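Results of the structural survey
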Amino acid sequence: MLGMMMHRPLMISDILTYAAEAHPTAEIVSVRTEGDLHRQTYPETLARVSQLAHALQGHGIRLGDRVATLAWNGYRHFELYYAISGIGAVCHTINPRLSAEQLIYIVNHAEDKLLFVDTTFVPILEAVKDHLPKDLIYVVMTDRDHMPENSLDALCYEELLTGQPESFDWPMLDENTASGLCYTSGTTGNPKGALYSHRSTVLHALLVTSVLGSTLPEGAGVLPVVPLFHVNAWGLPYTAPLLGLNMIMPGGALDGPSLYKLMDGEKVHSAWGVPTVWMGLLAEIKAQGRKPEGFADVVVGGSAAPRSMIEAFEKMDVSVGHAWGMTEMSPIGTHGNMPNWVKQLPFDQMIDKKAQQGRRVFGVELKIVDDHGNRQPHDGKAIGELYVRGNTIVSGYFNNAEASEKAIDAEGWFGTGDIASIDSNGFLSIQDRSKDLIKSGGEWISSIDLENAAMSHPAIANCAAIAMPHPKWDERPVLIAVPAGDDRPALEDMHDHMSEHFAKWQLPDDLIWVDELPLTATGKTSKLTLRQQFADYKLPDLR
Ligand code: ADP
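Residues numbered from 1 in each chain as written. Predicted model: local features only at pLDDT ≥ 70, side-chain atom pairs only at ≥ 80, totals over all residues. Heavy atoms only, no water.

Going by what an unreviewed UniProt entry lists, the protein chain is known as Long-chain-fatty-acid--CoA ligase and is assigned to Thalassovita aquimarina. Per UniProt, the comment on the protein chain under Sequence similarities (unreviewed entry) is "Belongs to the ATP-dependent AMP-binding enzyme family." (UniProt positions renumbered as here; feature names shortened; annotations may be inferred.)

This is how it looks when you write it as structure tokens:
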């Protein structure tokens, strides 16, 4: 027997129309490329999104068409999210830090019809335009006065909106209609497109709200440093309107001092981003001698948050939520909102718990398997490759049959490429990406564990542990470190510091000092680039 309840499709447009009605005073505050700070409420945003939707249709955009963005976090980018998906088209967010080759590949692969670009990134497009589709229409996201000279024959965003009606009759689409497209940064091979739907996006927003809503009070300011061009800024453009949060959009100013100033001025409650960003902010907090006013919560993910970073935030009464996920997961899989028993643990034990990747959100199942695909127990000891299943996880890749086939196992689970354990309380511990694990003498060494231990040394500002080839042991770990000041401890000193947590054979064979670590397009330490930089390196016992 079927239940007798209405069936309404889950629509992204409903999130914004809801926010405009239920949270009419909450604002989107944006650092603009024009150089000023801009504010608008959700009702004002809805009116502009309606205008944009009319303009898109006027330019022939129809159901399923891809419309691309190449932009910072700001209100116009947010408007594009809702206008494009609202009319049934697909919002294809492009990462401006991709190589020219990758950019050309994905615009052609996605067959974008329109491309909206911030003034900052116009030169990037000018450099590659001869390799992009000839009929692609460019729109610069500014007003007439700020339009840059360009060779793109570009339209002006604000002119597109002018004169359009301020309301729109949002269509009820099939909830499985594609709404967003985001390519993985593709460290190997071509980037692959995760194609989100209205249903997966709304469910993701609800799932995140269910676990993090209690830490994000209505009217609080949330700062997505995580870009809208990367996995929907971890879903915040959908979660924030649902919860009635003020969205504080930092534009392109992502250095510590700029973030500090913005957070202090807007009394940001919760800030979201990858660990490298928080290193800059922590340095500025140290320089200022106090945290930004109102700062109470930070969500860290994208790569493992170093334990020392979590400790530094918690000591200043900023609660750390350590989340794990992937582009292919919309992206949030696990979250760091803690149960009461963890909050009551002694400080050090509580930090240990927060250094793990938290517990799964409802709707995302986790399994770990050994090399033969056998499920491993969730006992905190067994380690295996992590697989996920749920409504917010890709079932394949956009227009890529080969990659789609490899992505899903026989039981319908998606292979994350991460190596992990899960304990009996449901806490996930990511040991490493399978390609970053260091295999020495048939045993594994977690590069994340080595980095965590090294980073707790005051002389180390940042570091990465990578595998170097060794004829006898297969691979040996080497630590590449950025000094915090003038002090450069010797390898033996680091061994003394780290030996509490590691067996002797697990300790790094060498310590190399560098001025900075290379970053990926998504702001994480790029171990691939490091391995390339040190391709000719020889371990000390082989020299
Ligand atoms: P890319 O790294 O190509 O930009 P994603 O942003 O989707 O792609 O990265 C997902 C990967 O990032 C995960 O598979 C995992 O290896 C890593 N990751 C994400 N969050 C965490 C975390 N909290 N701890 C450790 N690793 C993480």
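Comments concerning the packing of helix α16 (residues 447–455) against helix α17 (residues 491–498)
Relative orientation of the contacting elements α16 and α17 amounts to 100 degrees, with a least axis distance of 9 Å. Compared by their axis directions, α16 and α17 come out roughly perpendicular. Judged by residue contacts, Leu450, Ala453 and Ala454 of α16 engage Met494, His497 and Met498 from α17. Taken together, the residues that form the contact of α16 with α17 break down as five nonpolar, one polar and no charged. (Axes fitted to C-alpha atoms, helices over the stretch in contact; angles between N-to-C directions. Helix = DSSP H or I, 4+ residues; strand = E, 2+ residues; numbered from the N terminus. Parallel < 35°, antiparallel > 145°, perpendicular 65-115°, else oblique. Contact = heavy atoms within 4.5 Å. Nonpolar A, V, L, I, M, F, W, Y, C, P; charged D, E, K, R; others polar.)

Side note on helix α1 (residues 12–22)
It helps to recall that an α-helix has 3.6 residues per turn; residues three or four apart then point in one direction. Inspection of α1 places Ile12, Ser13, Ile15, Leu16, Ala19 and Ala20 among the buried residues, and these make up the whole buried set. Along α1, the residues classed as buried sweep out an arc of 155 degrees about the axis, all on the same side. Contact partners of the buried residues in α1: α2 (42–58), α3 (75–86), β8 (178–183), α7 (198–212) and α9 (236–243). (Buried < 20%, exposed > 50% of the residue type's maximum accessible area, 1.4 Å probe, protein only. Arc of directions from axis to C-beta.)

Quick look at the sheet that holds strand β17 (residues 359–360)
Ordered in space as β15-β16-β17, the three strands form an open sheet in which the pairing is antiparallel. Strands with a single pairing partner mark the edges of an open sheet, and in this sheet they are β15 (324–325) and β17. Sheet topology places strand β16 (residues 332–335) next to β17; two bridges connect them, and they run antiparallel. Note on β17: the bridge partner recorded for histidine 335 is arginine 359. (Pairing = 2+ DSSP bridges.)

Points about the site of the ligand
What surrounds the ligand is a group of 17 residues, the closest being Ser185, Ala323, Thr327, Asp418 and Arg433. In this structure, threonine 327 approaches the ligand through a main-chain N or O atom, which is 2.6 Å from an oxygen atom. Here an oxygen atom of the ligand sits 3.0 Å away from a polar atom, N or O, in the side chain of threonine 522. Expressed as a share of its isolated accessible area of 570 Å², the protein-covered part of the ligand is 92%. Of all the secondary structure elements, the ones that give two or more residues to the shell around the ligand are β15 and β21 (428–433). A per-class count over the shell around the ligand returns five nonpolar, nine polar and three charged. (Near = heavy atom within 4 Å. Polar contact = N/O pair within 3.5 Å; in protein donor to acceptor, adjacent residues only side chain to side chain. Areas by Shrake-Rupley, 256 points an atom, 1.4 Å probe, with all protein chains shown as cover.)

Brief notes about the domain arrangement of the protein chain
With domains assigned, the protein chain is organised as domain 1 (7–27 + 42–197), domain 2 (365–433) and domain 3 (437–542). Here domain 2 and domain 3 have C-alpha centroids that lie 27 Å from each other. Facing the six residues of domain 2 at the interface are eight residues of domain 3. Carbon and sulfur atoms make up 51% of the area that domain 2 and domain 3 hide from each other, which totals about 540 Å². Linking domain 2 with domain 3 are zero salt bridges. Put simply, domain 2 and domain 3 have three residue pairs in polar contact (both at pLDDT 80 or more) between them. The element that contributes the greatest number of residues to the side of domain 2 that touches domain 3 is β21, accounting for four residues. Split into classes, the residues belonging to the side of domain 2 that touches domain 3 amount to three nonpolar, one polar and two charged. (Domains from an automatic or database assignment. Buried area = accessible area lost by both parts, 1.4 Å probe. Salt bridge = Lys/Arg side-chain N within 4 Å of Asp/Glu carboxyl O.)

Points about a negative patch on the surface
Side chains of Asp486, Asp487, Glu492, Asp493 and Asp496 sit close together on the surface and give a patch of like negative charge. Looking at where aspartate 493 falls in the secondary structure, it is placed in helix α17. Classification of aspartate 493 as partly exposed rests on a relative accessible area of 38%. (Patch = residues over 30% accessible without salt bridge, like charges linked within 9 Å, V, L, I, M, F, W, Y side chains within 5 Å. Lys, Arg positive; Asp, Glu negative; His and termini not counted. Charge placed at Lys NZ, Arg CZ, Asp CG, Glu CD.)

Regarding the nonpolar core
For soluble globular proteins, nonpolar side chains are generally found buried alongside one another. Judged by nonpolar contacts, the single largest core of 115 residues is most densely connected at Phe116, Trp272, Trp278 and Phe313. Residue-level mapping places this core at the junction of two domains, with at least three residues from each of domain 1 (7–27 + 42–197) and domain 2 (365–433). Not counting residues up to four positions away in its chain, the partners in contact with phenylalanine 116 are Leu52, Leu56, Val67, Ala68, Thr69, Leu70, Leu80, Val139, Met141, Tyr157 and Leu160. Among the nonpolar cores identified, the runner-up in size contains 28 residues, and Ile94, Leu98, Ala110 and Val122 belong to it. (Core = buried A, V, L, I, M, F, W, Y, C linked by side-chain atoms within 4.5 Å.)

Things to note about the sheet that holds strand β1 (residues 27–31)
Taken in spatial order, the seven strands make up an open sheet running β2-β1-β11-β10-β12-β13-β14, and their pairing is mixed. Either end of the sheet is taken by a strand with one partner, and the two such strands are β2 (37–41) and β14 (319–322). With strand direction ignored, the average angle separating the axes of adjacent strands in the sheet is 20 degrees. Where strand β10 (residues 221–224) and strand β12 (residues 268–273) come together, four bridges link them in parallel fashion. Residue pairing in the sheet places glycine 221 in a bridge with valine 268 of β12. Across the face of the sheet, α2 comes into contact with β1, β2 and β11 (246–249) while running at roughly 90 degrees to β2.

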